[in-house]
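So the chains spell out like this:
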Amino acid sequence: MNNIFKITQLSDDTLQQYYNDAITDLRKFFGKEWLNNTPILCVVDDRKTIDSLKGQETPRWIVGWGWSTHAIFILNPKNFVNESSYNYTSEDIKKLIKHELCHTFYSLITQKNGPRWFTEGLALNVAEQLTNYKKPTQFKGFLNGENLYQESAYAVKLLFDNFGKEKVLEFTNSLRGVYDSAVSNKFAEVFGFELNYISFNSLLANSK
């Protein structure tokens, strides 16, 4: 496998504006004045390079990902039709960049990348990507990484709807330095109910 890559600076006013807008919105959302060493945005031209960067063959739905607080990667928007299973609009690209940058803010605050159901659900809500998924009729897999995006998107939406942004951010901040085994305890402390499918399905049943 080739481990050598060449990176050159890209001038793209549209992507730069999407990036700037996302950083501004995320600073405001998280209340975090991240001013220096913000993550770079890397544009990857094709699936072959994505596979090389990730060290494995990737499904065509993977069009973006993050690298801790250092960088985010997206497939070149010009090549979505040929190199992915999507044909993204400009608005979709804007939301994709915000989604991936949300992960970097989360990593900066918590110094971790999990739990994955929460990080993905949070990013999907903050980037306003809920319309990409149908509301589930029952939660049964997201805590174990199954049906992750659809279920986690609406699980976190229920947290926003029932407890508000302040509680969601309180939970986010409480995860800094916390081992995965203690996440359930932190969740119960902040939201006042157990982290399980029964609890979330109860919220779902009472939602509009």
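All chains use their own residue numbering, which begins from 1 and follows the written sequence. Predicted model: local features are reported for residues with pLDDT of at least 70 only, side-chain atom pairs are reported and counted for 80 or more only, and whole-chain, interface and lining totals are derived from all residues. Side-chain numbers come from the whole structure's heavy atoms, not from hydrogens or water.

Our focus in this paragraph is helix α8 (residues 197–205). Within an α-helix, residues lying three or four positions from one another point in the same direction, as the helix has 3.6 residues per turn. Classification of residues uses two cut-offs on accessible area relative to the type maximum, computed with a 1.4 Å probe and protein chains only: under 20% is buried, over 50% is exposed, and between them is partly exposed. A run of H or I in DSSP becomes a helix once it reaches four residues, and a run of E becomes a strand once it reaches two; helices and strands are each numbered from the N terminus. Along α8, the residues that are buried comprise Tyr197, Ser199, Phe200, Asn201, Leu203 and Leu204. Contact partners of the buried residues in α8: α5 (116–126), α6 (148–174) and α7 (183–191). The N-capping residue of α8, defined by a side-chain oxygen 3.3 Å from the backbone nitrogen of Ile198, is Asn196. Residues count as neighbours in contact if any of their non-hydrogen atoms are within 4.5 Å of one another. For the purposes of these results, a polar contact is taken to be a pair of N or O atoms within 3.5 Å, where, inside protein, one atom must be able to donate a hydrogen and its partner to accept one; residues adjacent in sequence count only when each atom of the pair is a side-chain atom.

Our next topic: the nonpolar core. In these notes, a set of buried Ala, Val, Leu, Ile, Met, Phe, Trp, Tyr and Cys residues joined through side-chain atoms within 4.5 Å is what counts as a nonpolar core. Among the nonpolar cores identified, the biggest contains 60 residues, and Trp117, Phe118, Leu122 and Phe200 are the most heavily contacted of them. Broken down by secondary-structure element, the contributors of at least two residues to this core are α1 (13–30), β1 (40–44), β3 (71–75), α4 (90–110), α5, α6, α7 and α8. At 11 residues, α6 tops the list of elements feeding residues into this core. For Trp117, the contacting residues outside a window of four places in its chain are Phe142, Leu143, Leu148, Ser152, Val156, Leu159, Phe187, Leu195 and Phe200.

In space, the three strands of this open sheet follow the order β1-β3-β2, with mixed pairing throughout. Each edge of the sheet is formed by a strand with only one pairing partner; in this case those strands are β1 and β2 (64–67). Across the sheet, the axes of successive neighbouring strands diverge by a mean angle of 20 degrees, strand direction being ignored. Note that β1 and β3 share five bridges and pair parallel. The residue bridging Val44 from the neighbouring strand is Leu75, located in β3. Against the sheet, α4 engages β1, β2 and β3, with an angle of about 155 degrees to β3. In this description, strands pair whenever DSSP reports at least two bridges between them. For helices, the fitted axis covers only the stretch in contact; all axes are lines through C-alpha atoms, and the angles between them, taken along N-to-C directions, range from 0 to 180 degrees.

Between the rings of Phe, Tyr and Trp (Trp by its six-membered ring), a pair exists once the centres lie within 6.5 Å; its type follows the angle of the planes, with under 30 degrees stacked, over 60 edge-to-face, and the other angles tilted. Within this structure, the stated rule accounts for 28 aromatic pairs. Their ring planes at 90 degrees and their centres at 4.9 Å tell us that Phe29 and Phe30 sit as a pair that is edge-to-face. Given the relative accessible area of 10%, Phe30 is considered buried. For the ring pair Phe142 and Phe200, a centre distance of 5.3 Å and an interplane angle of 90 degrees mean the geometry is edge-to-face. Of this pair, Phe142 sits in the loop between α5 and α6 while Phe200 sits in helix α8, and the two are 58 residues apart along the sequence. This pair shows no difference in class: Phe142 is buried, exactly as Phe200 is. Here the aromatic residues Tyr106, Trp117, Phe118, Phe139, Phe142, Phe163, Phe171, Phe187, Phe191, Phe193, Tyr197 and Phe200 are joined through ring pairs into a cluster of three or more.

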